[in-house]
Structure formats: C-alpha cells, structure tokens
Amino acid sequence: MRTLITGGAGFIGSHLCERFLAEGHEVVCMDNFITGNPVNIEHLQANPKFSFLRHNISNHIEIDGPIDCILHFASPASPVDYLRHPIATLKVGSLGTHNSLGLAKAKGSRYLLASTSEVYGDPERHPQREDYWGNVNPIGIRGVYDEAKRFAEAMTMAYHRTHGLNTHIVRIFNTYGPRMRLDDGRVVPNLMGQALRGEPLTVYGDGSQTRSFCFVSDLVDGIFRLLMSEFHEPVNLGNPNEVSILDFAKEIVALSAGKNAIEFRPLPQDDPKVRKPDIGRARSLLSWEPKVDRKEGMRRTMEYFRGLVMKG
Ligand code: UDP
C-alpha cells in the first residue's frame, strides 16, 4: 500500500505518517511548511518506506506510480494561523481538495478529507451530531476556514456521487498532543507555554465557553478505521468530555504545580460558545472510542512543551 498524506509535516499529519508506516504502508508526505514543520518528520526521513515532497497542493500535482490512499490534511488549522493566511486557507480547502480528489480519481485511491467541527460554526444544537447543518458566519474572521471546509465536504461528496470515488470525511474536534506548535495560538499550547514560563494564563471572554479535547493518538486511530471503512458520509471524531475554558486553565495551573494567575482577555469574534461531539456514529460504525483521558493526555503534552520551552 502506498499512501499520500498532504500536510504530513503538520501536527496531526506527522502522527498519521507514523501510523501508516507502522501499518506497513509506504508513505509519501507532502507539505509546503506554511504551518507544518520539518522537525516533525525528521525522525522518519531515514525510513526507506518514507518519502517527502515539498509542494503546495493548491497547485496541480502529478505523482508517478500507484497511490492506494490519499489523506488530505493540508491546511492552516488554528484560528490564529488561518487569520494569518486567510487566502491560503481558502485555497487549500477548495483548490487543494479539488487537486487531491483529482489525483485520487486518476489513481483510483481511497480518499479521506480532514474536515472539522468548525462546519457547525457557533452551534445551536448540543452536542453536535453529523446531521446538524451548522451556524456559520461566512464573512466573519473564521469564515475562511469554515467555508473552505464546508466546500471541501461538498466537493468530496460530489466526487463520490459523480465518479464513484471511495471517499471519507472526518469532522475533527479539538485535538491536542505532542508536535502542536507552541506559537499556533490555540488554547492548549498558549496556556501550557504560559504555565511553563511562569506567565499569567490568558483566558478569552469569561472562560465559560466549552471545548472537548481529544488526544492525538485516539484521533489517529479513528481516522485509520474510517479510511478503511466503506462509509462515505461525515463522521465526528473527538472526545466528548467537555470542559469550560476557565476550568481547563485551572487544570493546567494545577498540572504545572505553579501558582500562575489567570488573566481575562476579550473574546475573539464568532468564538463558538460550546462544542462537544456526539460520537454515536463513530462508536457504532468504527467501534471507536477515545481511550486517553484528559489528565494523562495533558501530562504527556506538557512534557513535550516543557522540552520546547527549555530549548528556548
Ligand atoms: N482561548 C483562550 N485563551 C487562549 C487561546 C484560546 O481562552 O490563549 C479560548 C478561545 O477563545 C476558545 C477556546 O480557548 O474559546 C479554544 O480556542 P482554540 O484557539 O484552541 O480553538 P477553537 O476551538 O476556538 O477553534
């Protein structure tokens, strides 16, 4: 099996590269390093089954030889990153999805699109089930990501329905773990970095907004199962254990054994007030369930960030 992973040098992408290599696949990792990091795949470069292509999937690509599976993970994925790269975010969700689907059609590959809980926007239903269509502001600051991913889902279903492609769509909820960038702006690296540096933790708004955090190894396992399934409609993957951002910040202070203060900052525009996946579909279709609880996952992630902070 030969598998292409776009965004393979990113946080989730690099864990996928490892998992597919461990499953015995040849892995072709593609990235343009707009938000990915060569360090994430350094340890894989000596593996003869691993190869790397520096390319922006928003531009047309031809690859020699067979490709059995394509996982399209290229995209800026944190609010700070997609605000920094709004047009690249729109392009990789639209043109990048089109190009990768075109490649899948040419090669007859199984295809998996990385979609997102952001397709639900600021949800009016809780928890979010796959049959909820969402509440997205198309012209808000998050619109570049949300609408690109909604377009990507539509394009993926069109290739499935029109060309009979074996496609899969995963809606990824907040995921964390080693290889997140300390400066990606998301709540986990921000607060952990602040805790480790002895700075106040920045909580946006009053911290009553909720999120549900999934450890990366659980997510990767669900993705592998979904790709190998014959199910074509979107599937939520995430950990339904919901927490308010203020309580989460307090957990991080306790974990770092510090006495960090909590500092309240303005809530960014269109910040979803709640988010929690209904994972009934993944449970029944994939026999999947997250295994790593938040305490353990946060401990492992904190160790990773401690290493980065100590390196400076
Ligand atoms: N957040 C926060 N402090 C930070 C970074 C984020 O309070 O330093 C909040 C943010 O406003 C949001 C939640 O944490 O309510 C999760 O934000 P993140 O950027 O991780 O991703 P999102 O789930 O909003 O896409």
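What counts and how
- Residues numbered from 1 in each chain as written.
- Predicted model: local features only at pLDDT ≥ 70, side-chain atom pairs only at ≥ 80, totals over all residues.
- Heavy atoms only, no water.
- Helix = DSSP H or I, 4+ residues; strand = E, 2+ residues; numbered from the N terminus.
- Near = heavy atom within 4 Å.
- Polar contact = N/O pair within 3.5 Å; in protein donor to acceptor, adjacent residues only side chain to side chain.
- Areas by Shrake-Rupley, 256 points an atom, 1.4 Å probe, with all protein chains shown as cover.
- Nonpolar A, V, L, I, M, F, W, Y, C, P; charged D, E, K, R; others polar.
- Axes fitted to C-alpha atoms, helices over the stretch in contact; angles between N-to-C directions.
- Left-handed = near helix turned anticlockwise from the far one by under 90°.
- Contact = heavy atoms within 4.5 Å.

(A) Structural context of the environment of E23. Structurally, the position occupied by E23 is in the loop between α1 (11-22) and β2 (26-31). With 201 residues separating them along the chain, E23 and F224 place their C-alpha atoms 9.7 Å apart.

(B) Structural detail: the site of the ligand. As a structural note, the neighbourhood of the ligand is formed by 17 residues, with T202, Y204, R211, D271 and R275 the closest of them. Interatomic distance of 2.9 Å between a side-chain N/O atom of N174 and an oxygen atom of the ligand. Between an oxygen atom of the ligand and a side-chain N or O atom of Q209, the distance comes to 3.0 Å. Compared with its free state, where it exposes 510 Å², the ligand has 95% of that area covered by protein. Top contributing element to the shell around the ligand by residue count: strand β8 (residues 201-204), with three residues. Tallied by class, the residues present in the shell around the ligand amount to six nonpolar, five polar and six charged.

(C) Looking closely at the packing of helix α5 (residues 187-197) against helix α7 (residues 245-255). Orientation of α5 relative to α7, taken along the N-to-C sense of each, is 40°, at an axis distance of 10 Å. Crossing of α5 over α7 shows right-handed handedness. Facing V187, V188, L191, M192 and A195 of α5, the residues of α7 in contact are I245, F248, A249 and I252. Across the contact of α5 with α7, the residue classes break down as nine nonpolar, no polar and no charged.

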